[in-house]
Amino acid sequence: MPPINLLALCGSLRQGSLNSAVAHTAASLCRPPVAMTVYEGLGGLPFFNPDVERECPPAEVLDFRARLAAADAVLITSPEYAHGTSGVLKNGLEWVVGSGELVDKPVAVVTASPSMTGGARAQAWLRETLQVMSARVLPHELRIPCATVKITNGRVTDEETLTGLRSVLADLTRETSQLGEPVPSGA
Ligand code: FNR
């Protein structure tokens, strides 16, 4: 089986972020031929500006796009801020609306929050944005409520959450292996 290259984006810049812990735990759960890299550059991207995009996209943006293009699939972990995703993640996504690196790309969304809802509104919000960008958004929705008791020292420790995360990774991997398959006729 050829290597499967997954990229994780985390929408929180906070040190000690629950969502960053989810992304790093997911990376540690991957086994060859699947490998996951956590992209750490979202906070370094400039604010999206269509004029800058048209004239001369900055090196950070080109690097971000190249990493997304090279990934077979993407895992997004996001906090919920004021019932939406974070500005930093939305900004990153805006830089690839026009360039299209997420078009047809399998993308899984995970939200973690200390609240009982597990970031359900951010999850819905992100799925809508990714769908309009023509990403192949996985139906599997993993929300992690009460995340402060399920994540310890930067790692997911709750068994049920780990099972959910493994299942998301299995779905993502399956989607990448189905990418090359022709659409069945007469279905
Ligand atoms: C929050 N938080 C929050 N939580 C939630 O479930 N729904 C919400 O709408 C919000 N809104 C919100 C706004 C702002 C400005 C802050 C600072 C926080 C709480 C949030 O889920 C919590 O801080 C998480 O720990 C953030 O994710 P990370 O940084 O731990 O990944």
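Figured I'd write up the structure that's included with this text.

Cut-offs used in this document
Residues numbered from 1 in each chain as written. Predicted model: local features only at pLDDT ≥ 70, side-chain atom pairs only at ≥ 80, totals over all residues. Heavy atoms only, no water. Helix = DSSP H or I, 4+ residues; strand = E, 2+ residues; numbered from the N terminus. Buried < 20%, exposed > 50% of the residue type's maximum accessible area, 1.4 Å probe, protein only. Contact = heavy atoms within 4.5 Å. Pairing = 2+ DSSP bridges. Axes fitted to C-alpha atoms, helices over the stretch in contact; angles between N-to-C directions. Disulfide = S-S within 2.5 Å. Near = heavy atom within 4 Å. Polar contact = N/O pair within 3.5 Å; in protein donor to acceptor, adjacent residues only side chain to side chain. Areas by Shrake-Rupley, 256 points an atom, 1.4 Å probe, with all protein chains shown as cover. Salt bridge = Lys/Arg side-chain N within 4 Å of Asp/Glu carboxyl O. Right-handed = clockwise from strand over helix to strand, strands pointing away. Lys, Arg positive; Asp, Glu negative; His and termini not counted.

Next up on the list: the side chain of T25. Checked against the element boundaries, T25 lands in helix α1 (residues 18-29). A residue is classified by how much of its surface remains accessible, and T25, at 3% relative accessible area, is buried. Those residues in contact with T25 that sit more than four places away from it in its chain are G154, R155, V156, L162 and L165.

For the rest of this paragraph, the subject is the sheet that holds strand β4 (residues 106-112). Ordered by their spatial adjacency, 5 strands build an open sheet running β2-β1-β3-β4-β5, and the pairing between neighbours is parallel. Each of the sheet's edge strands pairs with one partner strand only, and the pair in question is β2 (34-39) and β5 (136-144). On average, adjacent strands in this sheet sit at an angle of 20 degrees to one another, irrespective of strand direction. In this structure, strand β3 (residues 73-78) lies alongside β4, joined through 5 bridges in parallel fashion. Considered in β4, the bridge of V74 is made with V107.

In this section: the state of the cysteines. On inspection of all chains with the given rule, the structure shows 0 disulfides. The thiol of C10 is not disulfide-bonded; the next cysteine sulfur, from C30, is found 16 Å away. Its sulfur unpaired, C146 is 19 Å from the next cysteine sulfur, which belongs to C10.

Taken together, 13 residues surround the ligand, and among them S12, R14, S17, E80 and S113 come closest. R14 has a polar side-chain atom sitting 2.7 Å from an oxygen atom of the ligand. Interatomic distance of 3.0 Å between a side-chain N/O atom of S115 and an oxygen atom of the ligand. Expressed as a share of its isolated accessible area of 620 Å², the protein-covered part of the ligand is 67%.

Within the structure shown, the criterion is met by 9 salt bridges. A salt bridge links E141 to R143, with the shortest nitrogen-to-oxygen separation between them at 3.3 Å. Of the residues examined, R143 reaches a relative accessible area of 39% and is grouped as partly exposed. Residue D171 pairs with R174 through a salt bridge whose shortest N-O separation is 2.8 Å. A residue pair is termed a helical-turn pair when its members lie 3 or 4 positions apart in one helix, as D171 and R174 do in helix α6 (residues 159-178) at 3 residues. On the basis of relative accessibility, which here comes to 19%, the residue D171 falls in the buried class.

For the rest of this paragraph, the subject is unusual backbone geometry. A cis geometry characterises the amide bond from P32 onward to P33, with omega recorded as 10 degrees. Along the chain, P33 falls in the loop between α1 and β2. Unusually for a residue other than glycine, S134 sits at a positive phi of about 65 degrees. With respect to the helices and strands, S134 occurs in the loop between α5 (120-132) and β5. Here the phi dihedral of C146 falls at roughly 50 degrees; this positive angle occurs in a residue that is not glycine. In this structure C146 comes out as partly exposed when scored by relative accessible area, which is 27%.

Within β4, 7 of the 7 residues are buried, which leaves it mostly tucked inside the rest of the structure. Both faces of β4 are covered, namely the face carrying P106, A108, V110 and A112 and the face carrying V107, V109 and T111. Once you follow β3 into helix α4 (residues 87-94) and on to β4, the crossover reads as right-handed.

Our next topic: the side chain of E101. Here E101 shows up in the loop between α4 and β4. Although E101 is buried, it forms no salt bridge, and the closest oppositely charged side chain is R65 at an N-O distance of 4.5 Å. In this structure the side chain of E101 is engaged in a polar contact, spanning 2.5 Å, whose partner is the side chain of S99.

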